[in-house]
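Descriptive analysis of the structure
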Amino acid sequence: TSASAMRILTDGFSPDSEWDIVVDGSDNFPTKYLINDACELTGLPWVYAAILAFEGQISVFNYCDGAGVKGPTYRDMIPTPPPPGDVPSCAEGGVLGVLPGTMGCLQATEVLKILMGKDVGGLLVG
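About the cut-offs
Position labels on residues start from 1 in each chain and follow its written sequence. The model is predicted, so local features are restricted to residues of pLDDT at least 70 and side-chain atom pairs to those at 80 or more, both for listing and for counting; the totals for chains, interfaces and linings are taken over all residues. As a rule here, side-chain values come from all non-hydrogen atoms in the structure, and water together with hydrogens is ignored. Think of it this way: a Phe, Tyr or Trp ring, Trp meaning its six-membered ring, pairs with another when their centres are within 6.5 Å, and the plane angle makes it stacked under 30 degrees, edge-to-face over 60, tilted otherwise. Note on conventions: DSSP H or I runs of at least 4 residues are helices, E runs of at least 2 residues are strands, and numbering of each starts at the N terminus. Any two strands with at least two DSSP bridges between them are considered paired. Should any heavy atoms of two residues lie within 4.5 Å, those residues are considered in contact. Note on geometry: axes are C-alpha line fits, over the in-contact stretch for helices, and angles between N-to-C directions span 0 to 180 degrees. Whether a residue is buried, partly exposed or exposed follows from its accessible area with a 1.4 Å probe, protein chains only, as a fraction of its type maximum: under 20%, in between, or over 50%, in that order. By definition here, a helix of n residues has an expected span of 1.5 Å times n minus one. An arc is given here, and it is the one of the directions from the helix axis to the C-beta atoms. By convention a crossover is right-handed if, when the strands point away from the viewer, the path from the first strand over the helix to the second runs clockwise.

This brings us to the packing of aromatic side chains. Taken as a whole and assessed by the stated rule, the structure comprises seven aromatic pairs. Plain terms: the ring middles of Phe61 and Tyr74 are 5.8 Å apart, the flat faces sit at 80° to each other, and that makes the pair edge-to-face. Of the two residues, Phe61 is situated in strand β3 (residues 55–61) and Tyr74 in helix α3 (residues 74–77); the sequence distance between them amounts to 13 residues. Through successive ring pairs, a cluster of aromatic residues spans Tyr33, Trp46, Tyr48, Phe61 and Tyr74.

Given below as structure tokens:
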């Protein structure tokens, strides 16, 4: 909810917070847009994944490299949410059982690359 997002923004994403990266496992567009906006406002990178049926997507959004160049945001990829009903839910479209774990492992790999400073040509930015 937007109330939760505001709580996270004021408490969890403060400059002195202990978090450096946001990793998301949400399954709906409103939550993904809230995460994107929170990360963009606070300058935190967001390791994103999405799944449906036999397919998955992964990316790193809002990432600022060592030279200060900021990567794309989720809104750069999908400027406006699709109308309700346009994209089937996981319950409607199904998900291959191993896919969530596979995407989670890929997300963890991106987090480790960010934390270790391995951003040159290796991060899945955008």
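Moving on: the sheet that holds strand β1 (residues 22–23). Taken together, the three strands give an open sheet; going across it, the order is β1-β2-β3, and neighbouring strands pair in mixed fashion. Of all strands in the sheet, those with a lone pairing partner are β1 and β3, marking the two edges. Pairing analysis gives two bridges linking β1 to strand β2 (residues 46–52), with the strands arranged parallel. Bridging from a neighbouring strand, Val22 pairs with Trp46 of β2. Strands β1 and β2 of the sheet are contacted by helix α2 (residues 29–42), whose axis makes an angle of about 165° with β2. Strands in contact with helix α5 (residues 99–115) are β1, β2 and β3; relative to β2, the strand with the most contacts, it is inclined by about 165°.

We now examine unusual backbone geometry. The phi torsion at Ala53 lies on the positive side, around 60°, for a residue other than glycine. Secondary-structure assignment places Ala53 in the loop between β2 and β3. What makes Ala53 partly exposed here is its relative accessible area of 24%. Although it is not a glycine, Asn62 adopts a positive phi angle of roughly 60°. Residue placement: Asn62 occurs in the loop between β3 and α3.

Between its first and last C-alpha, α5 extends 24 Å over 17 residues, near the 24 Å set by a 1.5 Å rise per residue. Of all the positions in α5, only Leu99, Met103, Gln107, Glu110, Val111 and Ile114 are classed as buried. When α5 is viewed along its axis, its buried side chains cluster within an angular range of 110° and face the same direction. Residues Cys105 and Leu115 are exposed on α5 and point more than 90 degrees away from its buried face. Contacts from the buried residues of α5 go to β1, β2 and β3. Positive backbone phi, at 75°, marks Gly117, one or two positions downstream of α5.

Another aspect to go through is the pairing of β2. After leaving β1, the chain enters α2 and then returns to the sheet as β2, a path that is right-handed. Here seven bridges tie β2 to β3, and the two strands are oriented antiparallel to one another. The residue of β3 that forms the bridge with Tyr48 is Ser59. Linking β2 to β3, which pair antiparallel, is a turn of two residues; within it Ala53 sits at a positive phi near 60°.

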